[in-house]
Structures are given as structure tokens and as C-alpha cells.
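# Residue-level structural notes
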Amino acid sequence: MITIHHYLTVSAALFALGTMGALTRRNAVNVLMGVELILNSANINLVAFSRFASRPNLDGQLFAVFVIVIAAAEVAVALAIVLTLYRLKRTPNLDEAKALRG
Amino acid sequence: MSAEAVVFYLFAVITVGSAIVVTFARSLIYSAFALLFTFFGVAALYVMLGADFLAATQLLVYVGGILVLLLFGVMLTHKLYDLELRSEVHQFVPGLVASAGVFGVLTVHVLYKARWAVGSGKVLAPTTSGIGAEFMGRFLLPFEAASILLLVALIGAAMIVRRRKDA
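Residues numbered from 1 in each chain as written. Chains lettered and ligands numbered in written order. Predicted model: local features only at pLDDT ≥ 70, side-chain atom pairs only at ≥ 80, totals over all residues. Heavy atoms only, no water.

## Quick notes on the pattern of salt bridges
With the rule as written, the count across this model stands at 2 salt bridges over all chains. Put simply, A:Asp59 and B:Arg138 hold a salt bridge, and the shortest N to O gap is 2.9 Å. In this pair, A:Asp59 is assigned in helix α3 (residues 59-89) and B:Arg138 in the loop between α5 (128-136) and α6 (140-161), connecting two distinct chains. Classification of A:Asp59 by relative accessible area gives partly exposed; the value is 26%. Across the salt bridge formed by B:Glu134 and B:Arg138, the nearest N and O atoms sit 3.1 Å from each other. On the accessibility criterion, B:Glu134 (18% relative accessible area) is buried. Here the salt bridges share partners, and the residues they tie into one network are A:Asp59, B:Glu134 and B:Arg138. (Salt bridge = Lys/Arg side-chain N within 4 Å of Asp/Glu carboxyl O. Helix = DSSP H or I, 4+ residues; strand = E, 2+ residues; numbered from the N terminus. Buried < 20%, exposed > 50% of the residue type's maximum accessible area, 1.4 Å probe, protein only.)

Here is the structure:
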């Protein structure tokens, strides 16, 4: 019998791996991948809660749709910033972007 | 072990295993393609949770949109033909401690000590029409706000990468 704990454990593992990726990578695109993992883990949680709620409803799935929208907007803007950074500094590494003005 | 458990563990292993590859692979391209399998695994978990519309959205938006964007990012920020496609790792030990701590706290303290008000979990009806009705009803304002946000992000991204004439 698969319970809510199974889904929440998978989601916690995804969250921890995403945190790891976002914290330890130098490449900006890899950091973005970590953020995507974190958002996916949040989505699994939301859908699992809406399914296993004492009165099952659709609210968690609606929230998950909004999270997907935010993720799409975030990755578009973040990649625009990464490309601008690359054009400016010739590197995608985040720790070389430490000047406040270009 | 029931058939549901077998399928769940299969997709859980695919999801978490490919997420491990995403996090620890030395090559950016490997990370990007492992992310593909993570997104597919998450979509399969949505199906198991009875969220059919969300699973389709996951495939369309994440695999069709976000992953392609990330691959563009990989290819545009590297010279394709040199072997520079590596992503260095720094602060490995602090990062490992932090993420292992997050995982430990989440599983041990939050997950298994909290008393979840769990219902039967037996809703396997199609959800698309319900989601559509909610978006046009109770969630109309957030829905319109999200569409404006997407428009703003689109224009903003185009503005950021635009080559300025004077620069």
C-alpha cells in the first residue's frame, strides 16, 4: 500500500538533491537545474496533499499549475540573465559575476 | 507487493536516480539529459496520484519548454566543440552537509513525526474539467495574474538579451 509518506519521501529526496545542486555548482545553468528540481518536489507535495487530504479536492493541483507557470517564467528570465552575463564576462560561472555594475 | 507498489518504486527510483545524476554529473549535457528522466518520472508520479491534467502539463511545459530552454542555455554559454562542457563543483562538503541535513530533518522530523490527517486517497476521476471550471471560477484572478506574469516575463527576457545599439 503506497501511502502519502512514500510520495513525501521522494519529494524530500528531490528537494535535498536540488538544494545540493543549487549550492555546490558554479555553472549558472546547473544552478537553474537544481532550482527546477526543488520546484518539482514542491509540486509532488502539493498534488500528494490534495489527493490524500481527508476531503480530497483539486486545490493542490491548481497550485501546482501555478508553480509550473512561475517555473516557466523564472527559467526564461534567468536564462536571459545568464546569456547577458556570458556576453559580458565570457563565462557562465556565477562566482565571477561579483561586480555590482557591469 | 502489490502492482501499485511495484510501479511506484520503479518510478521513484527513476526520478531520484536521475536527480542524483543531475546533481553529481561532471558534464552539463549529462545533467540536462538526466533532468529529462527526472521530469518524466515526476509526470508518472502525477499519474499515480490521479492528476492526469497535471501530468500532461508537466510533459508539455517542462520537457517541451523548460528543458529545451536549459539546453539552449548550455549550448549558448559554451563553445560547442571544445571540451569545456564541464561544471565545476565548489563547497562540496558544506553543500552535502546542508542538503543531507535538509533531507534528514524533512524525513525524520517532519514526515514521520507529524500526524497527517490522511483520507482514503481514492479519487481517480478525470481532473481536467474540474481544473478548468476552477480557473474560470474561484481562481479567475490568480489565473489572469499568472497570464500577465507570463507576458511580463516574455517581454522582460527579450529586453534583457537585446543587444543595445549604444553599447
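Next comes the rest of the account.
## Looking at α5(B)
Where α5(B) is concerned, the buried positions are B:Ile131, B:Glu134 and B:Phe135. End-on view of α5(B): buried residues confined to an arc of 100 degrees, all on one side of the axis. Along α5(B), exposed side chains directed more than 90 degrees from the buried face belong to B:Ser129 and B:Met136. Structurally, α5(B) contributes buried residues whose contacts are with α3 of chain A together with α3 (52-76) and α6 of chain B. (Arc of directions from axis to C-beta. Contact = heavy atoms within 4.5 Å.)

## So, the packing of aromatic side chains
Under the defined criterion, the tally for this structure stands at 8 aromatic pairs over all chains. Measuring from ring centre to ring centre gives 6.3 Å for B:Phe24 and B:Phe92, while their planes differ by 65 degrees; the resulting arrangement is edge-to-face. Taken together, the positions of B:Phe24 in helix α1 (residues 3-24) and B:Phe92 in helix α4 (residues 92-111) put the pair 68 residues apart, joining distant regions of the chain. Since its relative accessible area comes to 37%, B:Phe92 is described here as partly exposed. Judged by centre distance (4.6 Å) and plane angle (50 degrees), the ring pair of B:Phe39 and B:Tyr62 falls under tilted. Highlighted residues: B:Phe39 in helix α2 (residues 28-48) and B:Tyr62 in helix α3, separated in sequence by 23 residues. Judged by its relative accessible area of 0%, B:Phe39 is buried. What makes B:Tyr62 buried here is its relative accessible area of 0%. Cluster of aromatic residues (ring-pair linked, three or more members): A:Tyr7, A:Phe52, B:Phe8 and B:Tyr9. In this structure, A:Arg51 is placed above the aromatic ring of A:Phe52, and the distance from its NZ or CZ to the ring centre is 5.6 Å. (Phe/Tyr/Trp six-rings, centres within 6.5 Å; stacked < 30°, edge-to-face > 60°. Lys NZ or Arg CZ within 6 Å of the ring centre and 35° of its normal.)

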